[in-house]
Amino acid sequence: MNKKVYVLAIAAFVVGTVELILGGILDLIATDLHLSLAKAGYLISIFSLVYALSAPILLNMTARFERKKVYMCTLLVFLISNLISAFSTSFYMLMAGRALGAATGSLIFVLS
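Analysis parameters
- Residues numbered from 1 in each chain as written.
- Predicted model: local features only at pLDDT ≥ 70, side-chain atom pairs only at ≥ 80, totals over all residues.
- Heavy atoms only, no water.
- Helix = DSSP H or I, 4+ residues; strand = E, 2+ residues; numbered from the N terminus.
- Rg over C-alpha atoms; globule rule 2.2 N^0.38 Å.
- Buried < 20%, exposed > 50% of the residue type's maximum accessible area, 1.4 Å probe, protein only.
- Expected span 1.5 Å × (residues − 1).
- Arc of directions from axis to C-beta.
- Contact = heavy atoms within 4.5 Å.
- Axes fitted to C-alpha atoms, helices over the stretch in contact; angles between N-to-C directions.
- Parallel < 35°, antiparallel > 145°, perpendicular 65-115°, else oblique.
- Left-handed = near helix turned anticlockwise from the far one by under 90°.

J.: In this structure, what is going on with the overall build of the chain? I would like to understand it.
T.: Counting its regular elements, the chain contains six helices and zero strands. Each helix and strand of the chain, placed in order from N terminus to C terminus, yields the pattern α-α-α-α-α-α. Relative to the globule expectation of 13 Å for 112 residues, the C-alpha radius of gyration of the chain, 15 Å, shows essentially globular dimensions. Relative to its full complement of 112 residues, the chain shows a buried share of 37%.

J.: Before we go on, may I ask you to explain helix H5 (residues 67–86) in this structure?
T.: Residues separated by three or four positions in an α-helix point in the same direction, a consequence of the helix having 3.6 residues per turn. The end-to-end C-alpha distance of H5, which contains 20 residues, comes to 28 Å, matching closely the 28 Å that a straight helix rising 1.5 Å per residue would cover. Of the residues making up H5, those classed as buried are Val70, Tyr71, Thr74, Phe78, Ser81 and Ser85. Along the axis of H5, the buried residues cluster in a sector spanning 95°; they form a single face. Those residues of H5 that are exposed and angled more than 90 degrees off the buried face are Lys68, Lys69 and Ala86. Buried-residue contacts for H5 involve helix H1 (3–24) and helix H6 (91–111).

J.: Explanation requested: the packing of H1 against H5 in the structure shown.
T.: When two helices pack together, their arrangement is captured by the angle between the axes and the distance separating the axes. For the pair H1 and H5, the least separation of the axes is 13 Å and the interaxial angle reads 30°. It follows from the interaxial angle that H1 and H5 lie roughly parallel. Considering how the two elements wind past one another, H1 and H5 form a crossing that is left-handed. Facing Val7, Leu8, Ala11, Val14, Val15 and Val18 of H1, the residues of H5 in contact are Tyr71, Leu75, Phe78 and Asn82.

J.: Just checking my understanding: could you explain H1 for this structure?
T.: The terminal C-alpha atoms of H1 lie 32 Å apart, and with 22 residues this matches the ideal 32 Å at 1.5 Å per residue to within 8%. Every buried residue of H1 is accounted for by Ala11, Ala12, Val15, Val18 and Leu22.

J.: Help me understand unusual backbone geometry in this model?
T.: Peptide bonds are trans in most cases, and residues, glycine excluded, mostly fall at negative phi. Even without glycine at this site, histidine 34 takes up a positive phi of about 55°. Positionally, histidine 34 belongs in the loop between helix H2 (26–32) and helix H3 (37–40). Judged by its relative accessible area of 73%, histidine 34 is exposed.

J.: I would appreciate a short explanation of the environment of valine 14 in the present structure.
T.: Of note, valine 14 is situated in helix H1. Residue classification places valine 14 among the partly exposed residues on the basis of a relative accessible area of 35%. With 94 residues separating them along the chain, valine 14 and isoleucine 108 place their C-alpha atoms 10.0 Å apart.

Structure representation (structure tokens):
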């Protein structure tokens with residue numbers, strides 16, 4: 001089997017994991033950032049909303065570029081968004097990292 005298929009499958013798995021992992025640790029995030037559980041739940045909502053809306057928009061915006069370059073750049077931005085989320089010190093910084101991760105994650109999943 002072609003090794004490229006494994007890369008695409010791993011990327012899709014990582015995007016799916018980033019999307020769903022927050023639900024399991026939401027109470028820890030709420031406690032750490034001194035938020036109510038409902039406000040921390042907005043992190044899941046914003047991810048889902050941006051993920052759904054950005055996929056077709058970003059796919060159309062990047063249609064004229066070579067897919068491999070778009071894929072690699074998107075993976076890099078996805079990494080940066082997760083680093084922002086990991087090292088965030090405030091709710092809004094975490095939300096920005098999640099929103100950027102959702103936008104790039106949706107494009108990665110579509111390209112995969």
